[in-house]
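Structural characterization, general
Now for the letters of each chain:
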Amino acid sequence: MDLRHGKVFPSALLLLKLWITLLLNPGISRAASVDYDGWKVLEVYLETVSDDVIPPTLIKLEDMEAEGYLALLSVSKVKGTAEVTVSPEALEDLTKMQDDGLITFDIISDNLGKILESETRQQQQRKVLRSSITFDSYMSYNDMTSYLESLEAEYPNKVRVKEVGKSVEMRPIYLVRLTNNIGDNTEKNVVFIDGGIHAREWVSPHSALYIIKNLLSASKFTENTEWQIIPMLNPDGYVYTWESNRMWRKNRASFSTCHGVDLNRNFGYKWGGLGTSNNPCSDIYKGPSAFSEPESQALRDAMLPLAGKVKAYITFHSYGQYIIYPWGYSTQVTHPQTATMNQAGKVMARKIKRQTGAVYRVGNSAVSYYPAAGASDDWTSHEMKVTYVYTIELRDTGSYGFIIPANQILPTVKDAWTAAKYMGKLVERKYT
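Presented here is a report on the structure given in the accompanying data block. (Residues numbered from 1 in each chain as written. Predicted model: local features only at pLDDT ≥ 70, side-chain atom pairs only at ≥ 80, totals over all residues. Heavy atoms only, no water.)

**Some points on the packing of aromatic side chains**
Inspection of every chain in the model, using the stated rule, returns 18 aromatic pairs. Relative to Y313, the ring of F192 has its centre 6.4 Å away and its plane inclined at 40°; by these criteria the two rings are tilted. Of this pair, F192 sits in strand β7 (residues 189-194) while Y313 is found in strand β9 (residues 310-318), placing the two residues 121 residues apart along the sequence. Judged on exposure class, the residue F192 and its partner Y313 are both buried. Measuring from ring centre to ring centre gives 5.3 Å for F255 and Y285, while their planes differ by 90°; the resulting arrangement is edge-to-face. Of this pair, F255 sits in the loop between α7 (235-243) and α8 (294-303) while Y285 sits in the loop between α7 and α8, and the two are 30 residues apart along the sequence. Across the pair, exposure class does not vary: F255 and Y285 are buried alike. Cluster of aromatic residues (ring-pair linked, three or more members): Y138, W202, Y238 and W242. Between R252 and the ring centre of Y240, over which it is positioned, the NZ or CZ distance is 3.6 Å. A cation over an aromatic ring shows up here: R300 above the ring of F291, its NZ or CZ 4.7 Å from the ring centre. (Phe/Tyr/Trp six-rings, centres within 6.5 Å; stacked < 30°, edge-to-face > 60°. Helix = DSSP H or I, 4+ residues; strand = E, 2+ residues; numbered from the N terminus. Buried < 20%, exposed > 50% of the residue type's maximum accessible area, 1.4 Å probe, protein only. Lys NZ or Arg CZ within 6 Å of the ring centre and 35° of its normal.)

Encoded structure:
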């Protein structure tokens, strides 16, 4: 594979950032694993508040997370709950708070460590041939990279793979372009997809890979449309979830007290607003500035040259089974394309239910969750002027959360493929 024309050579600033990271963390690739044995998963009930107001209990949970007492897993404004995982020591504190009437929660999983042990055993039994792909088990970053690097030679008339950036720890971030007769320079409309922004959401990059696999054998979807897909935007975080901390969310940028920026709070539109944190120890830390991170820069720089061509954008996340759309930064501002995005989102949800049986809620992201500024979907909608912009939170609704069992990978990625197929057809019908 020839990456010369798409290669992004690291800037002096990026190299300096890497050097500082390694200097401050000489054991960065050998970090001790976090043991979740005895940790429980709780469903915490949140207060009903007015729009654009963060519930006091959620603020308290975020503060406790930044202080290292617990990990906030998900928030649903529709359900009025947050899911957190807590150590045995933290559970004692929360139980006292519940006894004092300061918080209300139910235990929904008794031992996160046991679930992770089961996942680890499955991974140890996995066998993936080099340059191949599987959806029977989770693939390592190296397996994914090997597969992507093989595509251009195997499909020279349909695929181009290029490096669009490097992560903090200098891992390549690949973009896959797919269309029929890719070398003829015909201008086509683009569907842009990314996965793996959040490290612990393993089923997300696998969904992007599944879409690539299916597009390779489905010429009708690539005749008049070009697909551009970044399967793994946060390789460092993903590797870290394999080697050290399965529940890690952010990238691996280094700061004086903690690691990591939430890449989905680092984009330049409404950066630093509601639903973000100034604390580097928080899982929703926005970063020191908009687009401070090489990973968010890679997505931005891949998209900007496509202005006017991108007609649809999907970013895959997990979990919760939601199809949500901008604006996410506030509930007080209605997006001008709300009706259009809502209608198409509902069709997408119906098609998924018909194909796989999974039920996905459709709605505005700030209303379905809580306001979160600086996300990739809001930036894409505003900067790229794309009409159809969606964040799809894949399976499940909380039984396993981020730890989707291996036997549920294929059903989940089929949800993603069904959504992508519909979006491809819609783009072709409306814009070709």
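This is not the end of the story, as more comes after the structure.
**Quick word on unusual backbone geometry**
Between S318 and Y319 the backbone carries a cis peptide bond, its omega angle lying at 15°. Between P326 and the following residue, W327, the backbone shows a cis peptide bond with an omega angle of 0°. Checked against the element boundaries, W327 lands in the loop between β10 (322-325) and α9 (338-356). Of note, Q321 is a non-glycine position whose phi angle comes to about 65°, a positive value. Examined against the element boundaries, Q321 turns out to sit in the loop between β9 and β10. Even without being a glycine, K385 presents a positive backbone phi close to 55°. Turning to its location among the elements, K385 is positioned in the loop between α11 (376-384) and β12 (388-394). Residue K385 is classed as exposed on the basis of its relative accessible area of 62%.

**Brief notes about the pattern of salt bridges**
For the structure on display, the rule yields 14 salt bridges. D262 is paired through a salt bridge with R249; the nearest N and O atoms lie 2.6 Å apart. Placement of D262 in the loop between α7 and α8 and of R249 in the loop between α7 and α8 is noted, with a sequence separation of 13 residues between them. Among the residues examined, R249 registers a relative accessible area of 10% and is labelled buried. Here R265 ties to D262 by a salt bridge, and the two come within 3.7 Å at their closest N and O atoms. Side by side, R265 and D262 carry an identical accessibility label, which is buried. If you follow the salt bridges from partner to partner, you end up with E169, R171 and D236 in one network. (Salt bridge = Lys/Arg side-chain N within 4 Å of Asp/Glu carboxyl O.)

**Describing helix α6 (residues 203-216)**
The terminal C-alpha atoms of α6 lie 20 Å apart, and with 14 residues this matches the ideal 20 Å at 1.5 Å per residue to within 8%. Counting buried positions along α6 yields 13 of 14 residues, so the element is predominantly enclosed. (Expected span 1.5 Å × (residues − 1).)

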